[in-house]
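# What the coordinates show
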Amino acid sequence: MRAAIRLAIAAAVLLAIYGLMLGVEAGFTEYVQRIILLAGINVILAVGLNLINGTTGQFSIGHAGFMAVGAYGAAFVGVKLAGPVHGLLGPGAFADALVFNLALLAGALFAGVTGLIVGMPSLRLRGDYLAVVTLGFGEIIRILFNNASFLGSATGYFGDDPSGLPAYTNFFWVFAWVTLIVALIHNLTFSQTGRSLTAIREDEIAAEAMATPSTRLKVTAFAISAATAGIAGGLFAHMQAGVRPEDFRFEKSIDMIVMIIVGGLGSISGAILGGIFVAVSLELMRDLQQYRLVLYALLLILIMIVRPEGLLGTRELHHFLRRKKSATTPAPPTGRA
Amino acid sequence: MSLLELRSVDKIFGGLHAVKGVSFRVEKGTIFGLIGPNGAGKTTLFNVITGVYTPEHGEILFQGKNIAGLKPAMIAERGVARTFQNIRIFKTMTVAENVMVAGHHLHKASIAAAILRTRSYERDERALAQRAHELLDVLGLAPLAGEVAGSLPYGSQRRLEIARGLMLSPQLLLLDEPAAGMNSQEARTLNEQIRFLRDQLGLTVILVEHNMTVVMNVCETIHVVDHGETIAEGTPGEIKTHPKVLAAYLGEEEPENEASA
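Residues numbered from 1 in each chain as written. Chains lettered and ligands numbered in written order. Predicted model: local features only at pLDDT ≥ 70, side-chain atom pairs only at ≥ 80, totals over all residues.

Our focus in this paragraph is the overall build of chain A. When helices and strands are counted, chain A shows 13 helices and zero strands. The C-alpha atoms of chain A give 20 Å as radius of gyration, which agrees with the globular expectation for 337 residues (20 Å, within 12%). A principal-axis box enclosing the C-alpha atoms of chain A has dimensions of 60 × 50 × 40 Å. Looking at chain A as a whole, 48% of its 337 residues qualify as buried. (Helix = DSSP H or I, 4+ residues; strand = E, 2+ residues; numbered from the N terminus. Rg over C-alpha atoms; globule rule 2.2 N^0.38 Å. Buried ≥ 20, exposed ≤ 12 C-beta atoms within 10 Å, placed from the backbone.)

This is how it looks when you write it as structure tokens:
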């Protein structure tokens, strides 16, 4: 019964997104559509990064590296899968969707495993080691892609086809993935695991004294966070003709951190707002080129002075809506899946 | 078999011999006091027992098995709960959530089950919330369950730490100065609560405390350490008049030929 209801809800959500897509394609120019897609990808990045930087309190400043792994992984797998799948099912929308989503999952898997490899040694330690390690990782992975000739080196990876990677990414898929990932991360955050992660952020020694396996949980959260960045990378790769190493510079990691700090570290709703904010403001500041970083720095300073906890702090939007209700029970998790 | 037994435990920090060959036994169902002047090594002993530090020498037998060198989370899982001298609650979480953090053993559902919100996950979650409320009730914190833990007064935060520790369903509870910062009324309530934990929940309690009224009232056995070494062990009556204990707390009498300051 419950499963049937959930399936119905999922179908309704997908239908709604599909309807929106038709509206967006009819009503907006391609330029605006692109900003909307980027905003969706940013939301995935921000919500995923918030799990580790906000909820768990471990600072990663190299998430662009995981996005890059996901982007290259998805692009490569997509190109290699397209032939066999089309041979099996024939060309068509369904075959494309299958190739695309398998490629995204492959990208997420690569990024997640990379997250495990990076996280396992560095998350054993308490403190800021993760920041240092991820900073290095982000640069190393970019330089690796810069030199990987089978992935096009510095020119980037454009697949085997002269017209570049297929443009699978559209409004429907971006928002289906945004919905899925926000729902999954929300459920994870408002669960026993999420409570344990927050406890680790608040006081790791006390959390361990309460039988919380802190290293295992931190590594798990980090791998999940890396995998979501991988999904975002895969969507990003299939938005344009190819993936280039310079798409994943250090500035990209900083953009992600701006997203979650603007919205409020530890808040999923805040991460969503922050993701949209960065996508829109990046476009508005395009003419300023590298000077936008100066503006960002100013903005961050302003936020630290005026509202150090970010727009929403650690709260969620639904906490504001429910404020009037008495708070004798812990915020009950909503039954989304 | 004693519930907990320390066999000549040593803990050394660089040049500081913080714990020197301390041995004691804590029998099941007793309230055991660990006292000594400031810097005597009491909290270090707690940290050694709970796995925060690994002792250089000696054995720590809990239910007959050596737990020295195990990780804190594993020792907690085996049934050793503790509170902290400098309160370590999860400040931004609610009182109920603080307690629920310690409830892994009630939550068997995997991360995947949590993400998918399966029926077994929701059942575990309800059981956990209910158990948390029962324990908050025991410590008189039930009306505050929805409050942010960091906003509670000091005494309530100390009791919250106890409730959180109880969520582990422990055999042994280590209380590190639970009466610190409490007024005499709160300390009396604490006495009753500690007895309640032993009598009703069958817990064994080790108590580090400077408030002698509390220690002398609730403890059956008292173990005194000074400069990392055992100086006495006995009933409250014996300890009160033990010459070495008096010397440690009040200072030794100066020899006649030296001028007193």
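Here we take up the overall build of chain B. Scanning chain B for helices and strands turns up ten helices and ten strands. For 261 residues, the compact-globule estimate of 2.2 N^0.38 gives 18 Å, and the C-alpha radius of gyration of chain B, at 20 Å, lies within 12% of that figure. Based on the C-alpha atoms only, the size of chain B along its principal axes is roughly 80 × 40 × 35 Å. The burial tally for chain B puts 46% of its 261 residues in the buried class.

All names here are of chain B. Strand order across the open sheet formed by four strands is β2-β1-β4-β5, with antiparallel pairing between neighbours. Edge positions in the open sheet fall to β2 (16–26) and β5 (65–66), since each of these has one partner strand only. Two elements, strand β1 (residues 4–13) and strand β4 (residues 57–62), share five bridges in a ladder whose sense is antiparallel. Along β4, the bridge assignment pairs D10 with H57. Sitting on the sheet, helix α1 (residues 42–49) is in contact with β1, β2 and β4, with an inclination near 70 degrees to β2. (Pairing = 2+ DSSP bridges. Contact = placed C-beta atoms within 7 Å. Axes fitted to C-alpha atoms, helices over the stretch in contact; angles between N-to-C directions.)

Further remarks concern the interface of chain A and chain B. With 30 residues of chain A at the contact, the number on the chain B side is 32 residues. Elements that contribute at least two residues to the side of chain A that touches chain B include exactly α6 (171–189), α7 (192–202), α8 (204–209) and α9 (214–237) of chain A. No other element matches the seven residues that α7 of chain A contributes to the side of chain A that touches chain B. Its residues placed into classes, the side of chain A that touches chain B shows 13 nonpolar, 13 polar and four charged. (Nonpolar A, V, L, I, M, F, W, Y, C, P; charged D, E, K, R; others polar.)

In this section: the packing of helix α2 (residues 30–55) of chain A against helix α11 (residues 268–284) of chain A. Residues and elements named next belong to chain A. Their axes nearest at 7 Å, the elements α2 and α11 cross at an angle of 140 degrees. Taken as axis vectors, α2 and α11 run oblique relative to one another. You can see that α2 and α11 cross each other, and the crossing is right-handed. Seen from α2, the contacting residues are I35, L38, A39, N42, V43, L45, A46, V47 and N50; seen from α11, they are I268, A271, I272, G274, G275, I276, V278, A279, V280 and E283. Its residues assigned to classes, the contact of α2 with α11 comprises 14 nonpolar, four polar and one charged. (Parallel < 35°, antiparallel > 145°, perpendicular 65-115°, else oblique. Left-handed = near helix turned anticlockwise from the far one by under 90°.)

This brings us to the nonpolar core. Counting residues in each nonpolar core, the largest one holds 174 residues, and the members touching the most others are I44, L45, A46 and V47 of chain A together with L136, V205 and L207 of chain B. When residues of this core are assigned to their parent elements, the largest contribution, 14 residues, is made by α9 of chain A. For this core, the domains that each give at least three residues are domain 1 (1–79 + 170–250) and domain 2 (89–169) of chain B. (Core = buried A, V, L, I, M, F, W, Y, C linked by C-beta atoms within 7 Å. Domains from an automatic or database assignment.)

All names here are of chain A. Where helix α10 (residues 250–263) meets helix α12 (residues 292–306), the closest approach of the two axes is 11 Å, and the angle between their N-to-C directions is 25 degrees. By the angle between their axes, α10 is roughly parallel relative to α12. In the packing of α10 onto α12, the handedness of the crossing is left-handed. Facing E251, V258, I261 and V262 of α10, the residues of α12 in contact are L293, Y296, L300 and I303.

Here the focus is the confidence of the model for chain A. All names here are of chain A. When the pLDDT values of chain A are averaged, the result is 86; 94% of them are 70 or greater. Confidence, read as mean pLDDT per element, is least for helix α13 (residues 317–321) in chain A (72) and greatest for α9 (95). In this model residues 324–337 is a low-confidence stretch, pLDDT under 50, and it forms 21 contacts with partners more than four residues away in sequence or in other chains. (pLDDT = per-residue confidence, 0-100.)

Turning next to α1 of chain B. All names here are of chain B. Most of α1 sits out of view: seven of its eight residues are buried. Where α1 is concerned, the buried positions are K42, T44, L45, F46, N47, V48 and I49. Positive backbone phi, approximately 90 degrees, marks G51, located one or two places after α1.

Time to look at the sheet that holds strand β7 (residues 172–176) of chain B. All names here are of chain B. Strand order in this open sheet of six strands is β6-β7-β8-β3-β9-β10, and the pairing throughout is mixed. The sheet is open, and its two borders are formed by β6 (80–82) and β10 (229–234), each paired with just one other strand. The mean angle between the axes of side-by-side strands here comes to 20 degrees, regardless of whether they run parallel or antiparallel. Relative to strand β8 (residues 204–208), strand β3 (residues 31–35) runs parallel, the two sharing four bridges. Considered in β8, the bridge of G33 is made with L207. Strand contacts of helix α10 (residues 243–250): β9 (221–226) and β10, with the helix running at about 125 degrees to β10, the strand carrying the most contacts.

All names here are of chain B. Per the domain assignment, the segments making up chain B are domain 1 (1–79 + 170–250) and domain 2 (89–169). On a C-alpha basis, the centres of domain 1 and domain 2 stand 26 Å from each other. Contributions of two or more residues to the side of domain 1 that touches domain 2 are made by β7 and α7 (184–201).

All names here are of chain A. Positionally, A74 belongs in helix α3 (residues 63–89). Remark: the alpha-carbon pair of A74 and M21, spanning 53 residues in sequence, is separated by 23 Å. Look past the residues within four positions of A74 in its chain and what remains in contact with it is A103, L104, A106, G107, G233, G234 and A237.

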